[in-house]
Amino acid sequence: MKKFRLHAAALVLFTAAAFTSCSSDDDNSNAPLSKTAFVTAVTGPTTGTVNTELSLNVAFTVDNACGTFDKVLETTAANTKTIEVKAKYAGTNCGTTPASKTTIYKFKATSAGTYNLKFKKSATEFVTQTIVVN
């Protein structure tokens, strides 16, 4: 009977070890990485009308050939918007040469006034686009 318990305990321990070594918490090294892409230039209209959407061309730099536009993060305080472009990086053999990309930023004001759109150029600098809405 003691021999049976010893074999059963050994089997349980072996099975538990096998399942924990095959867990699904892989490192996902192929998962896309998202990080800030600094803006180099913003072009587009400087005037508009209330409730009319304006399109601005935003140029930004990615670290390598695998970088693509991901999303825009906005922070609003009164008539000033701070805008941060995020790029995602997925793939291998991307190289190390920075690349320039562009995206369209849509702006629409619901009331008349002067709006300052501050696009992140570096950690402390911004490319500012001022838009007067009538």
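A. Structural context of the state of the cysteines. Inspection of every chain in the model, using the stated rule, returns one disulfide. For C66, the disulfide goes to C94, at an S-S distance of 1.7 Å. Negative torsions about the S-S bond denote left-handed disulfides, and the value of about -85° found for C66 with C94 makes this one left-handed. Taken together, the residues C66 in the loop between β4 (54-62) and β5 (67-77) and C94 in the loop between β6 (80-89) and β7 (99-107) connect sequence positions 28 residues apart.

B. Layout of the pattern of salt bridges. The full count for this structure, using the stated rule, is four salt bridges. With a shortest N-O distance of 3.8 Å, E53 and K106 are connected by a salt bridge. Pair noted here: E53 is in the loop between β3 (47-48) and β4 and K106 is in strand β7, with a separation of 53 residues, a long-range link. A residue is classified by how much of its surface remains accessible, and K106, at 45% relative accessible area, is partly exposed. Notably, a salt bridge pairs E84 with K86, separated by 3.9 Å at the nearest N-O pair.

C. Focus on the nonpolar core. Membership of the largest hydrophobic core comes to 21 residues, with the highest contact counts inside it found for V39, L56, Y105, F107, L117, F119 and I131. Mapped by element, the contributors of at least two residues to this core are β2 (39-43), β4, β6, β7, β8 (113-120) and β9 (126-133). The biggest single contributor to this core is β4, with five residues. Those residues in contact with V39 that sit more than four places away from it in its chain are V58, A59, F60, V85, F119, K120, K121 and V127.

D. Molecular detail of unusual backbone geometry. Although it is not a glycine, N51 sits at a positive phi angle of roughly 60°. Phi at N93 takes a positive value of approximately 55°, unusual for a residue other than glycine. Tracing the sequence through the fold places N93 in the loop between β6 and β7. A residue is classified by how much of its surface remains accessible, and N93, at 83% relative accessible area, is exposed.

What counts, and at which threshold
- Residues numbered from 1 in each chain as written.
- Predicted model: local features only at pLDDT ≥ 70, side-chain atom pairs only at ≥ 80, totals over all residues.
- Heavy atoms only, no water.
- Disulfide = S-S within 2.5 Å.
- Helix = DSSP H or I, 4+ residues; strand = E, 2+ residues; numbered from the N terminus.
- Salt bridge = Lys/Arg side-chain N within 4 Å of Asp/Glu carboxyl O.
- Buried < 20%, exposed > 50% of the residue type's maximum accessible area, 1.4 Å probe, protein only.
- Core = buried A, V, L, I, M, F, W, Y, C linked by side-chain atoms within 4.5 Å.
- Contact = heavy atoms within 4.5 Å.

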